[in-house]
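What the coordinates show
The residues making up each chain are set out below.
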Amino acid sequence: MSEDIKRVAVTGAAGFIGSHVVDWLLAEGLEVFASDDLSGGFIENVPDGCHFEELDVRDRDGVERWIQDVRPQVVYHLAADATEGRSQFTPISATERNLVGYMYVLTSSLRAGVEKMVFVSSLSVYGAQTPPFTEDMPRAPVDIYGLAKASSEHATEILAAVHGLRYTMLRPHNVYGPRQCLSDPYRNVVAIFITRALKGEPIYIYGDGEQRRSFSYISDVAPQIARSGLMAETDGQIINVGATEDYSINELVDALEDALDMPIAREFVPDRPQEVKLAWCAHDRARKLFGDEPTTPLDEGLREMVAWVREVGIRPMNYLQELEIDSPDAPVTWTKRLI
Ligand SMILES: NC(=O)c1ccc[n+]([C@@H]2O[C@H](COP(=O)([O-])OP(=O)(O)OC[C@H]3O[C@@H](n4cnc5c(N)ncnc54)[C@H](O)[C@@H]3O)[C@@H](O)[C@H]2O)c1
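These lines cover the structure that appears in this document, whether it is placed above or below.

Thresholds, definitions, all that
- Residues numbered from 1 in each chain as written.
- Predicted model: local features only at pLDDT ≥ 70, side-chain atom pairs only at ≥ 80, totals over all residues.
- Heavy atoms only, no water.
- Phe/Tyr/Trp six-rings, centres within 6.5 Å; stacked < 30°, edge-to-face > 60°.
- Helix = DSSP H or I, 4+ residues; strand = E, 2+ residues; numbered from the N terminus.
- Buried < 20%, exposed > 50% of the residue type's maximum accessible area, 1.4 Å probe, protein only.
- Salt bridge = Lys/Arg side-chain N within 4 Å of Asp/Glu carboxyl O.
- Pairing = 2+ DSSP bridges.
- Right-handed = clockwise from strand over helix to strand, strands pointing away.
- Near = heavy atom within 4 Å.
- Polar contact = N/O pair within 3.5 Å; in protein donor to acceptor, adjacent residues only side chain to side chain.
- Areas by Shrake-Rupley, 256 points an atom, 1.4 Å probe, with all protein chains shown as cover.

Taken as a whole and assessed by the stated rule, the structure comprises six aromatic pairs. Look at Phe89 and Trp334: their rings are 5.7 Å apart centre to centre, the planes differ by 90°, and that puts the pair in the edge-to-face class. Separated by 245 residues along the polypeptide, Phe89 in the loop between strand S4 (74–77) and helix H3 (91–111) and Trp334 in helix H10 (residues 332–335) bring together distant segments of the chain. Given a relative accessible area of 4%, Trp334 falls into the buried group. Where Tyr186 meets Trp334, the ring centres are 5.0 Å apart and the plane angle is 70°; that geometry is what we call edge-to-face.

This brings us to the pattern of salt bridges. Counted by the stated rule, this structure contains 25 salt bridges. Arg166 serves as the salt-bridge partner of Asp235, at 2.6 Å between the closest nitrogen and oxygen. Of this pair, Asp235 sits in the loop between helix H6 (222–228) and strand S11 (237–241) while Arg166 sits in strand S6 (residues 166–172), placing them 69 residues apart in sequence. Of the charged contacts, one joins Lys277 and Asp208 as a salt bridge, the two residues approaching to 2.8 Å between their closest N and O atoms. Taken together, the residues span a long stretch of sequence, with Lys277 in the loop between strand S13 (266–269) and strand S14 (278–279) and Asp208 in the loop between strand S8 (203–206) and strand S9 (212–213) at a distance of 69 residues. Judged by its relative accessible area of 39%, Lys277 falls in the partly exposed class. Of the residues examined, Asp208 reaches a relative accessible area of 40% and is grouped as partly exposed.

To continue, consider the pairing of strand S2 (residues 31–36). Strand residues, when the strand is regular, have side chains that alternate between the two faces of the sheet. With five of six residues buried, S2 lies mostly within the body of the structure. Across five bridges, strand S1 (residues 7–11) lies against S2 in parallel orientation. Within the sheet, the bridge partner assigned to Val10 lies in S2 and is Ala34. Once the chain exits S1 it traverses helix H1 (residues 16–27) before rejoining the sheet at S2, and the crossover so formed is right-handed. Bridge count between S2 and strand S3 (residues 51–54): four bridges; the pairing is parallel. Directly across from Ala34, in S3, lies its bridge partner Phe52.

Another aspect to go through is the site of the ligand. As a structural note, the neighbourhood of the ligand is formed by 29 residues, with Asp36, Gly40, Asp56, Tyr145 and Val175 the closest of them. Within the contact set of the ligand, an oxygen atom lies 2.9 Å away from a side-chain nitrogen or oxygen of Lys149. Taking 810 Å² as the accessible area of the ligand by itself, protein coverage stands at 95%. Taken together, the elements giving at least two residues each to the shell around the ligand come down to H1 and helix H4 (144–163).

Structure, rendered in structure tokens:
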């Protein structure tokens, strides 16, 4: 770890992963400047001890002023609208929040002489290729969210080559755990299923439930993101981070029945447009860089998550008033507000 890094900035710090990254950086004794527009995150998530500012990354002047004031050595960019499945129905806001907002953060960082950018990308950049995904596969996103992440990665490589910025880009996947937003009907399958089950209501499964994912517990993701900004070995690297074992959605529900100790009624609804059936990653690079610790088993992580949800209580779902494209292909769970 670099002893020279003392000041860092984190966007999306009121969010699920961002707040855990801030925790880790504070524990390392760093001065942390945190921002978020609180659109998808919560002020309660922001750890004590950091300097927090409410800031929308689409506010170009605001971002420029914040970075100039803070003068961080490392910027961690996590701010995003992470509703991947919805992005086909909200392509403008998904692009403005995820690509344009990042361009403001990246450009201001270059102007302010930031030493290193840590960009939190996503497995969505792999699209529908054959898993396990390895970092040397081409970017081939099949949805608007993945397109914004892939373009952000590519832009980072180009601008870093031209302007001499160090960077690391991480690709987490299907992360769950305490502080995850429990009120978003458009994303966070584990949170939605737990909420429905605790309400005694059936869960809705898109398609046949045989989509396979590696559900990754937060403690197997946030420390790696935080550490990558302080390590020279991660410079110029793209790194998959998260759990190694893949499960189907049906298997996830089985595991949740055990964690909750109750049966869960299942209803099947049509597939979501552009949803990739099989998506999980290889982690050889992460193991080499961060160590070969085993990741949290699904049953253990789910028990932790369930205990946290029981502690904080379930929350009402928060639907958007309107999608940008009012389409008959929008999932019935959203249009009929079933979740
Ligand atoms: N959770 C996952 O499984 C997962 C998987 C892959 C990648 N990611 C990426 O990790 C990052 C964090 O995701 P998360 O799961 O913690 O989601 P999250 O919604 O909890 O965190 C994202 C934060 O960004 C903030 N934000 C959104 N738009 C903003 C804007 N215009 N200006 C400022 N802040 C804004 C939200 O308020 C929220 O607090 C995102 O970049 C996401 O794309 C998450």
